[in-house]
Amino acid sequence: MKYRVIGNSPATRREVSVLSLGAMNFGTLVDEDTAFALLDRFAEAGGTFVDTSNNYAFWVDGTQGGESEELVGRWLRSRNVGDEFTVATKLGARPNQPASGFSRDVEGLSAKVIRESSERSRERLGIERIHLLYAHIMDEHTPLEETVQGFADVVADGVAGLLGASNHWAWRVERARALAAAAGLPGYEVLQHHHSYLRQRTDIPSLRSPDGNQGLVSGDLLSYLRATPELTQVAYSPLLAGAYVRDDKPLGPGFAHAGTEPRLAAVREVAAETGATVNQVVLSWLVGGDIPVIPLIGASSLAQLEENLGAVDLELTTEQRARLDAVN
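These notes cover the structure that comes with them. Bear in mind the structure is a predicted one, so any value in this text is a computation, not a measurement. (Residues numbered from 1 in each chain as written. Predicted model: local features only at pLDDT ≥ 70, side-chain atom pairs only at ≥ 80, totals over all residues. Heavy atoms only, no water.)

## Let's talk about helix H9 (residues 278–287)
- For H9, a buried count of 9 out of 10 residues is recorded, marking the element as mostly surrounded by other parts of the structure.
- If you check which residues of H9 are buried, you get Val278, Asn279, Gln280, Val281, Val282, Leu283, Ser284, Trp285 and Leu286.
- The inward-facing, buried residues of H9 abut helix H8 (260–274), strand E10 (293–297), helix H10 (302–309) and helix H11 (318–326). (Buried < 20%, exposed > 50% of the residue type's maximum accessible area, 1.4 Å probe, protein only. Helix = DSSP H or I, 4+ residues; strand = E, 2+ residues; numbered from the N terminus. Contact = heavy atoms within 4.5 Å.)

## Observations concerning the packing of aromatic side chains
- Within the structure shown, the criterion is met by 7 aromatic pairs.
- Both rings, one in Trp75 and one in Phe85, keep their centres 5.3 Å apart while their planes meet at 55 degrees; by these two values the pair is tilted. Of the two residues, Trp75 is situated in helix H3 (residues 67–78) and Phe85 in the loop between H3 and strand E5 (86–91); the sequence distance between them amounts to 10 residues.
- Take Phe85: its relative accessible area is 4%, and that puts it in the buried class.
- One aromatic cluster is present, built from ring pairs that chain together Tyr56, Phe58, Trp59 and Phe102. (Phe/Tyr/Trp six-rings, centres within 6.5 Å; stacked < 30°, edge-to-face > 60°.)

## Description of the sheet that holds strand E6 (residues 130–135)
- In spatial order, the strands read E3-E4-E5-E6-E7-E8-E9-E10; together these 8 strands close into a barrel with parallel pairing. Taking the axes of each pair of neighbouring strands and ignoring which way they run, one obtains an average angle of 30 degrees across the sheet.
- Pairing of strand E3 (residues 20–22) with strand E4 (residues 49–51) involves 2 bridges; the strand directions are parallel. Bridge pairing in E4 links Gly22 to Asp51.
- The strands that helix H1 (residues 32–44) touches are E3 and E4; relative to E3, the one it contacts most, it runs at about 175 degrees. (Pairing = 2+ DSSP bridges. Axes fitted to C-alpha atoms, helices over the stretch in contact; angles between N-to-C directions.)

Printed below as a string of structure tokens:
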């Protein structure tokens, strides 16, 4: 395994594995025995970074979520895992009522929600401090000053360490960080968005914005990361739920543009040259880029996890990486 440091303050920064294990379906679509086996193997391979959320996975059984956090907590306790393992979770997108689909009726990012939801997550996980706590979605109904102060308060009280923002526009992240800096408060240091080698259109209106999908890595966000190297980008769904390698997994309308086929051809060509799988090339491309990204892998079987772990030791040549980057 390889590692990198996330965060800047000596009090909260963490050394984490360059792959993070996503636990979204643990406790629902992935049963406990399988989830424990995946976590065991990930830890055995040197993985130290697991990702969950307080709303995972409400849509499976029509709940409010929490099943994933609870399962991760049971694994941590059963394996006597300590502070060497970095646990990330999120709040803000938990439905206010049991639900089977996504809607705008979610808890949001008020100071009260941040306090109460982070405490409940900490209890479900059974840990003293949430190492990385994300604002899961933007909340444009709560004053940003209140959200910034609310997150700072749970850091001050030892409930959370590092702070992050997921599914946020770059300008919203920067505004929150500026408010925190001006007040001498901790701000967002880790971002989490969907990112992969294939590019998805960012202009298609989404549930939460008529301007497009704020959950996607865009050129604007990449430019922001390049100018702000102290931020860390985590990429969720980097392997497109198997769409790189499975014919029964359509890419969807966001990929219906002229750039998709040339990039598919390029990544398949590099995979053939290296003897690696397409998935491994995608993960290696993310980890080793000039803007290094931590892929969030969502394995549901040991075979999938082994394939993903194999990407850590795959070193793309300068020429191969340049060729991949050059495809429009």
